[in-house]
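# Remarks on the overall topology
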Amino acid sequence: MPARQLWAFLTDKDVEELIGKIAAREPGLVVSRGRYLRGDAQDLLQEPSRLERRESLPGERRTYLLHRKHSAEIVTHLQPAGPFAGWTQIDEERTDCLVLLQKDAASGQLEPARLYAHVTFWRAADKVRKRPMFSIWAAQTLKWLKTQLVQTGVKIIRIGPDALAKAKGGELRLTYLYRQIAPG
């Protein structure tokens, strides 16, 4: 379970706007989509467009936000067998990144996305802390994003401006755990 996380109803437009705001707040943000990759893992920080990418599961999308200044550790694992044989999987717990997990919903519905970061991980019986520079950046970014989004009818879930407008206009039904959520 990640130590830092934010739940929010976000349309694709909201996601692009949030990523733009994070990038403008502190230059150096690198955006990469898809959990599996082919190519040099260091290109996640240098040039993610050089990588071939794939999602891990149907019905969900992962966007990795790394920062050239704060993200030092990139850990990946080669998949020896299965549907992703020969591909490399990003280790979300050990890599210095924020992860935006979006679930696909039925037309006219929206489920909350989860933006999270692991700031510790377990190595055998020891809990290992990540570098303070990454942990501080991740925590500050998530706290700042919380102030940029409106609270919904559920205290722990926020909502982006486009999703809010569409929910209030009746275009989107917000759902969480199979229940409808009030937009705010």
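Let us look at the structure shown here.

Thresholds, definitions, all that
Residues numbered from 1 in each chain as written. Predicted model: local features only at pLDDT ≥ 70, side-chain atom pairs only at ≥ 80, totals over all residues. Heavy atoms only, no water. Helix = DSSP H or I, 4+ residues; strand = E, 2+ residues; numbered from the N terminus. Rg over C-alpha atoms; globule rule 2.2 N^0.38 Å. Buried < 20%, exposed > 50% of the residue type's maximum accessible area, 1.4 Å probe, protein only. Lys, Arg positive; Asp, Glu negative; His and termini not counted. Charge placed at Lys NZ, Arg CZ, Asp CG, Glu CD. Pairing = 2+ DSSP bridges.

### Some words on the overall build of the protein chain
Along the protein chain, the regular secondary structure elements total four helices and 16 strands. The C-alpha atoms of the protein chain give a radius of gyration of 17 Å, which matches the 16 Å a tight globule of 184 residues would have. Reported as C-alpha extents along the three principal axes, the dimensions of the protein chain are approximately 45 × 35 × 35 Å. A total of 184 residues make up the protein chain; the buried ones form 48% of that total. Taking the average place of the 30 positive charges on the side chains of the protein chain and the average place of its 21 negative ones, the gap between the two points comes to 6 Å.

### Some words on the sheet that holds strand β15 (residues 173-176)
Across the sheet, three strands lie side by side as β9-β15-β16; this open sheet has mixed pairing. Here the strands that pair on one side only, and so sit at the sheet edges, are β9 (109-110) and β16 (179-180). Here two bridges tie β9 to β15, and the two strands are oriented parallel to one another. Considered in β15, the bridge of Leu 110 is made with Leu 174.

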